[in-house]
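# Geometric and topological summary
Chain residues, written in single-letter form:
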Amino acid sequence: MQDKGLYFITDAHLGAGADTLEREKALCQLLDDIAPKAAKVVFLGDMFDFWFTYRHVVPKGYTRLLGRMAQMSDAGIEMHFFVGNHDMWMFDYLQKEMGIVMHDEPEVMVFDGKRFLVGHGDGLGHLDRTYDILRWIFRNRVNQRLFSILPEWMTFGIAARWSQKHRSGKLRKKPEILEFQGDDNEGIILYCKERMMKDHFDYCVFGHRHTPLVKEISTPEGVTATYCNVGDWLIHRNYAVYADGELSLQER
């Protein structure tokens, strides 16, 4: 049994909304509180509403959060970051600066003898073919290099308008988007069940949906796992922790 726990945090979307600084400070307070109790901390993506790593330019702001992340990594806490659909262009900045392990796709983690299928969650289940195409365009290395040619004031301006027009802006105006749609209409759950037919997992932990939830899922063959959507720090203020042999969803 692990003496310290495994923590999951997701979807802070820092940079979106007038309350972003207050949310960042609250998030930093959470990290201060869990640091003595954490063996591993996993950020599940979209911690920033937009990020693009230029060779010599770092996005303005977020100094409090970045400082806490560096401090925890320096203290020997194992840190992971799964890029989301808003901060997919972080590349290796956090890894080089802080030793945080970066992930582009869902991965299997083993902790305390349990197997966790972990990821951000966008584009899984292929329920939205239009988004599948957009995701490929945004993650294409050639397109990323072409985008990097644009000056930073232009790229961040484009991103801010896109974000408010699309998901980040809609979530607060239309809370019904956050309602759980049922196993057959949730792309992340469909993806998890597909993976469960080929491999064993005790837990499937994701973000992206902004819908805090813990439930058992099962395949038609009766293979089961515990599914957790960690929620967010944009609408809710949730995080998940695995400690003492149990995964639980917490709220600040």
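These notes cover the structure that comes with them. In this text the structure is predicted, and so the values were computed from the model without any measurement.

Look at helix α1 (residues 20-34): 21 Å from first C-alpha to last across 15 residues, which is about the 21 Å you get at 1.5 Å a residue. Here α1 has its buried residues at Thr20, Arg23, Glu24, Leu27, Cys28, Leu30, Leu31 and Ile34. All buried residues of α1 lie within an arc of 155° about the axis, which places them on one face of the element.

This brings us to the sheet that holds strand β5 (residues 107-111). In spatial order, the strands read β5-β6-β7-β9-β8; together these 5 strands make up an open sheet with mixed pairing. At either margin of the open sheet sits one strand with a lone partner, and together these are β5 and β8 (213-218). Along the sheet, successive strands turn relative to each other by an average axial angle of 25°, direction set aside. Where β8 and strand β9 (residues 224-229) come together, 6 bridges link them in antiparallel fashion. What sits directly across from Glu216, in β9, is Thr226.

Time to look at helix α2 (residues 63-74). In a regular helix each residue adds 1.5 Å, so 12 residues correspond to 16 Å; α2 covers 16 Å between its end C-alpha atoms and thus fits that length. Elements in contact with the buried residues of α2: α1, β2 (38-43), β3 (78-82) and α3 (93-98).

Quick look at unusual backbone geometry now. With phi around 75°, His208 is a residue other than glycine that occupies positive phi space. With respect to the secondary-structure elements, His208 resides in the loop between β7 (203-206) and β8. A residue is classified by how much of its surface remains accessible, and His208, at 13% relative accessible area, is buried. Non-glycine residue His210 carries a positive phi angle of around 60°. Exposure remark for His210: the relative accessible area of 0% places this residue in the buried category.

Quick look at the packing of aromatic side chains now. By the definition in use, this model includes 9 aromatic pairs. With a centroid separation of 6.1 Å and an interplanar angle of 90°, the aromatic rings of Phe111 and Tyr242 are classed as edge-to-face. Here Phe111 is found in strand β5, whereas its partner Tyr242 is found in strand β10 (residues 238-243), with 131 residues between them in sequence. With relative accessibility at 5%, the residue Phe111 sits in the buried group. What links up through ring pairs into an aromatic cluster is the set Phe8, Phe111, Phe116, Tyr203 and Tyr242.

Take the environment of Cys204 next. Residue placement: Cys204 occurs in strand β7. When its relative accessible area of 0% is taken as the criterion, Cys204 is described as buried. For the pair Cys204 and Ala225, spaced 21 residues apart in sequence, the C-alpha to C-alpha distance is 7.0 Å. With residues up to four places along the chain from it excluded, the contact list for Cys204 reads Leu117, Cys192, Met196, Ala225, Thr226, Tyr227 and Cys228.

Conventions adopted
Residues numbered from 1 in each chain as written. Predicted model: local features only at pLDDT ≥ 70, side-chain atom pairs only at ≥ 80, totals over all residues. Heavy atoms only, no water. Helix = DSSP H or I, 4+ residues; strand = E, 2+ residues; numbered from the N terminus. Expected span 1.5 Å × (residues − 1). Buried < 20%, exposed > 50% of the residue type's maximum accessible area, 1.4 Å probe, protein only. Arc of directions from axis to C-beta. Pairing = 2+ DSSP bridges. Axes fitted to C-alpha atoms, helices over the stretch in contact; angles between N-to-C directions. Contact = heavy atoms within 4.5 Å. Phe/Tyr/Trp six-rings, centres within 6.5 Å; stacked < 30°, edge-to-face > 60°.

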